[in-house]
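What follows is the residue order along each chain.
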Amino acid sequence: MSKESQVIKQRRKKAQEMEEAGIELYPNAVPAPAPISSIVDEYGGLDAEALEGLDRQFRVAGRIMAMRKFGKVSFCHIQDESGSIQLYAARDTLGQDSYKVFKKYDIGDIIWAEGTLFRTRTNELTLMVREARLVTKSLQPLPEKYHGLTDKELRYRHRYIDLVMNREVRDTFRMRSRIVQLLRQYFSSEGFLEVETPMMQPIVGGATARPFVTHHNALDIDLFLRIAPELYLKRLLVGGFEKVFELNRNFRNEGISIQHNPEFTMLEFYEAYATYEDLMERTENLFAMIARDVRGTTAITYQGAEINLEPPWKRMTLEESLTAVGNIPANELKDRDALSQRLKDAGAPVTGDEPLGKYWTKLFDLLVEPNLVQPTFITHYPTDVSPLARRNAENPEVTDRFELFITGREIANAFSELNDPRDQARRFEEQVANRGDDDEIPPEVDWDYINALEVGMPPAAGEGIGVDRLVMLLTDSPSIRDVILFPQLRPEHIRRER
RNA sequence: GGGCCGUUAGCUCAAUUGGCAGAGCAAUUGACUCUUAAUCAAUAGGUUCGGGGUUCGAUUCCCUGACGGCCCA
């Protein structure tokens, strides 16, 4: 990239010549254009005669996506956010000078045009240009018109070109925006208060993950980008807000994959006096509502697989899933040696120091999770892998918790909240004591959180929903990078000569 | 972190056994008053991702690095 390509050199030269001829390359404003789709929607049904009878001029503006120039007449398609339309420019209607300028416009330029509607011989609704102006000169050539931009690296690095060229990409991000809007509407209408809690936290908590570290100079302390907002949201329950939610970014300093971006969007909500069972119902209804809105149905396809989001969804305890889906005999489930052997066979050996719950969740990840294609709630997670969840009343070895799986991926995690400060303090201390050098576990106990629980948190249930994964599901996107506008990539170090 | 695959003109892609690096679109010039992947004629455009090696000769084979994709952890 240190040497400018011939195409760009020629464009710069052409732009300079136009400027010298008195054409403004980046004018301040033009008379407001109408959205192209509004014109197409309103007049697209009229025949040639009816269009001719319209005594009206229309103003449009958009980027030139294709151009076909003849001697004294030119066609081009311009595209705005709403749609695209063909323009017809003729020397005889535009005048010799204006037409000469029109022919200088390049694919990629943004232009403005005013004119009348008519139908071409091939019956396409077209704007006969009476006046045209350059709005923004483009100095970079657009990708090839037929194949467009397909190289994934270039698409992610130059998302703006991807958006110009690929309609499906624009549609995906419109749908993402709609989904986020629906989530907000749902929780607001259900009486939840939207809040914002710290992104920079002095003590990480609320999940098991490696954090990003940053430094505050004035305070001279390290701060961590949050891996979850959970412990702050629950402080708000203590404060008396009974239904709260937060929809924002979390940061985890881990690998990048088709399912993981270092920053990702999570919706967390907490509801006093509810239990995890109430949340299962809420989740089913919420997902079904969103699917009906954005897909028109609860029977969707994801990468070729039929997914039925119509409630109620399947429910299974973790233990049941290990035997029923993972095919582990029930009598082996408490047998560490047998489980250890299975993990070794699966290529994920354990050291032997892990709690039994860790064996179960590891085996679950390997043998069960990929097979949970239809929406499935897995419940009764072992207490030793659920440090913030309330113990089950009948069996304190497990918690009142569920995780939701769809298309073999975890999409949500929820539980009835542990609000006994004594139990919480013990579990935190145990976690820190057994931490070793595992930097996914916080190195210190968040005593202020314990203090909050001692003030008293009402019984409550809370849930986190992975918004990116939900959007992947509903937009049929195979990679998380397809639903994040600017996914994290290794920097490319572009040097430009000016 | 490991394995496999990829990187050639602005974009999409070719290149036989290791033998002059090519096409389409885009660009430039010309012709053309209803095209839509417009057409026709001509022109220009390359550090074949970087570095090293083998060879008379490397886009091609080997080593190494960069970036990306997919799979696994």
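Residues numbered from 1 in each chain as written. Chains lettered and ligands numbered in written order. Predicted model: local features only at pLDDT ≥ 70, side-chain atom pairs only at ≥ 80, totals over all residues. Heavy atoms only, no water.

A. Spatial organisation of the overall build of chain A. On a plain count of helices and strands, chain A comes out with 16 helices and 18 strands. Whereas a compact globule of 498 residues would reach a radius of gyration of roughly 23 Å, chain A reaches 29 Å, over 25% beyond that. Each principal axis of the C-alpha distribution contributes one length, and for chain A these read about 85 × 50 × 50 Å. Relative to its full complement of 498 residues, chain A shows a buried share of 47%. Between the mean site of the 64 positive side-chain charges and the mean site of the 80 negative ones, chain A shows a separation of 9 Å. (Helix = DSSP H or I, 4+ residues; strand = E, 2+ residues; numbered from the N terminus. Rg over C-alpha atoms; globule rule 2.2 N^0.38 Å. Buried < 20%, exposed > 50% of the residue type's maximum accessible area, 1.4 Å probe, protein only. Lys, Arg positive; Asp, Glu negative; His and termini not counted. Charge placed at Lys NZ, Arg CZ, Asp CG, Glu CD.)

B. Summary view of the sheet that holds strand 4 (residues 110–119). Around the barrel, which closes on itself, the 5 strands sit in the order 1-2-3-5-4 with mixed pairing between neighbours. Each strand of the sheet is rotated relative to its neighbour by a mean of 55°, with strand direction disregarded. Note: strand 1 (residues 58–69) against strand 4, 6 bridges, orientation antiparallel. By the bridge assignment, Phe58 is partnered in strand 4 with Gly115. (Pairing = 2+ DSSP bridges. Axes fitted to C-alpha atoms, helices over the stretch in contact; angles between N-to-C directions.)

C. Summary view of the packing of aromatic side chains. Tallying each qualifying case throughout the model produces 15 aromatic pairs. With a centroid separation of 4.6 Å and 40° between ring planes, the pair formed by Phe187 and Phe269 is classed as tilted. Residue Phe187 is located in helix 8 (residues 167–189), and its partner Phe269 is located in strand 11 (residues 263–272); the two are separated by 82 residues in the primary sequence. The two residues Phe187 and Phe269 agree in class, both being buried. A connected cluster of aromatic rings, assembled from ring pairs, spans Tyr186, Phe187, Phe192, Phe245 and Phe269. One residue, Arg235, lies across the ring of Tyr232, its end atom 4.7 Å from the ring centre. Seen from the ring of Tyr381, Arg401 lies directly overhead, with NZ or CZ sitting 4.4 Å from the centre. (Phe/Tyr/Trp six-rings, centres within 6.5 Å; stacked < 30°, edge-to-face > 60°. Lys NZ or Arg CZ within 6 Å of the ring centre and 35° of its normal.)

D. Main features of the sheet that holds strand 8 (residues 213–216). A sheet is described by the order of its strands in space; here 3 strands give the open sequence 7-9-8, paired in antiparallel fashion. Every interior strand has two partners, whereas the edge strands, strand 7 (200–201) and strand 8, have only one.

E. Spatial organisation of helix 8. Compared with an ideal rise of 1.5 Å per residue, which puts 23 residues at 33 Å, helix 8 spans 33 Å between its outermost C-alpha atoms and is within 8% of the ideal. Residues of helix 8 that are buried: Val169, Arg170, Thr172, Phe173, Arg176, Ile179, Val180, Leu182, Leu183, Tyr186 and Phe187. Taken from the residues just after helix 8, Gly191 is the one with a positive phi, measuring 90°. (Expected span 1.5 Å × (residues − 1).)

F. Spotlight on the protein's contact with RNA strand B. In the neighbourhood of RNA strand B, 43 residues make up the surrounding shell, with Gln10, Asp92, Thr122, Lys145 and Arg490 lying closest. Each atom of RNA strand B within 4 Å of the protein belongs either to a base or to sugar and phosphate, the latter forming 61%. Arg68 places a polar side-chain atom, nitrogen or oxygen, 2.6 Å from a base oxygen of RNA strand B. A distance of 3.5 Å separates a base nitrogen of RNA strand B from a polar atom in the backbone of Gly71. (Near = heavy atom within 4 Å. Polar contact = N/O pair within 3.5 Å; in protein donor to acceptor, adjacent residues only side chain to side chain.)

G. Spotlight on the nonpolar core. Counting 43 residues, the largest nonpolar core has Leu267, Phe287, Ile290, Leu309 and Leu474 as the members making the most contacts within it. Looking at which element gives the most residues to this core, the answer is helix 10 (residues 276–295), with 8 residues. Sequence-distant contacts of Leu474, that is, excluding residues within four places in its chain, are made with Met175, Ile179, Ile290, Ala291, Val294, Arg295, Ile300 and Leu309. (Core = buried A, V, L, I, M, F, W, Y, C linked by side-chain atoms within 4.5 Å. Contact = heavy atoms within 4.5 Å.)

H. Spatial organisation of the packing of helix 9 (residues 230–239) against helix 15 (residues 447–455). Viewed as axis vectors pointing N to C, helix 9 and helix 15 meet at an angle of 25°, and their least axial separation amounts to 9 Å. It follows from the interaxial angle that helix 9 and helix 15 lie roughly parallel. The handedness of the crossing between helix 9 and helix 15 is left-handed. Here helix 9 contributes Leu231, Lys234, Arg235 and Val238 to the contact with helix 15, which in turn contributes Asp448, Tyr449, Ala452 and Val455. (Parallel < 35°, antiparallel > 145°, perpendicular 65-115°, else oblique. Left-handed = near helix turned anticlockwise from the far one by under 90°.)

I. Layout of the environment of Glu196. With respect to the secondary-structure elements, Glu196 resides in the loop between strand 6 (193–194) and strand 7. Overall, Glu196 belongs to the exposed group, its relative accessible area being 73%. For the pair Glu196 and Gly71, spaced 125 residues apart in sequence, the C-alpha separation works out to 61 Å.

J. Spatial organisation of the pairing of strand 11. Of all 10 residues that make up strand 11, 9 are buried, and the element is covered over most of its length. For strand 10 (residues 243–251) and strand 11, the ladder comprises 9 bridges, and the chain directions are antiparallel. The residue of strand 11 that forms the bridge with Asn250 is Phe264. As paired elements, strand 11 and strand 18 (residues 460–466) share 7 bridges and run antiparallel to each other. Pairing of Leu267 across the sheet is with Ile465, part of strand 18.

K. Main features of the confidence of the model for chain A. Summarising the model, chain A shows a mean pLDDT of 93, and 98% of its residues fall at 70 or more. Low confidence marks residues 494–498, where pLDDT is under 50. Its contacts with residues over four positions away, or in another chain, come to 8 contacts. (pLDDT = per-residue confidence, 0-100.)

L. Quick peek at the pairing of strand 15 (residues 376–379). Of the two faces of strand 15, both are covered, the one formed by Thr376 and Ile378 as well as the one formed by Phe377 and Thr379. Sheet topology places strand 14 (residues 314–317) next to strand 15; 4 bridges connect them, and they run parallel. Looking at strand 15, one finds that Lys314 is bridged to Thr376. With 4 bridges connecting them, strand 15 and strand 16 (residues 401–406) associate as antiparallel partners. Note on strand 16: the bridge partner recorded for Thr376 is Phe405.

M. Examining unusual backbone geometry more closely. For the bond from Pro311 to Pro312, the omega torsion is -5°, close enough to zero to count as cis. Mapped onto the elements, Pro312 comes out in the loop between strand 13 (305–308) and strand 14. At Asn327, a position not held by glycine, the phi torsion is positive, near 55°. Turning to its location among the elements, Asn327 is positioned in the loop between helix 11 (318–324) and helix 12 (336–345).

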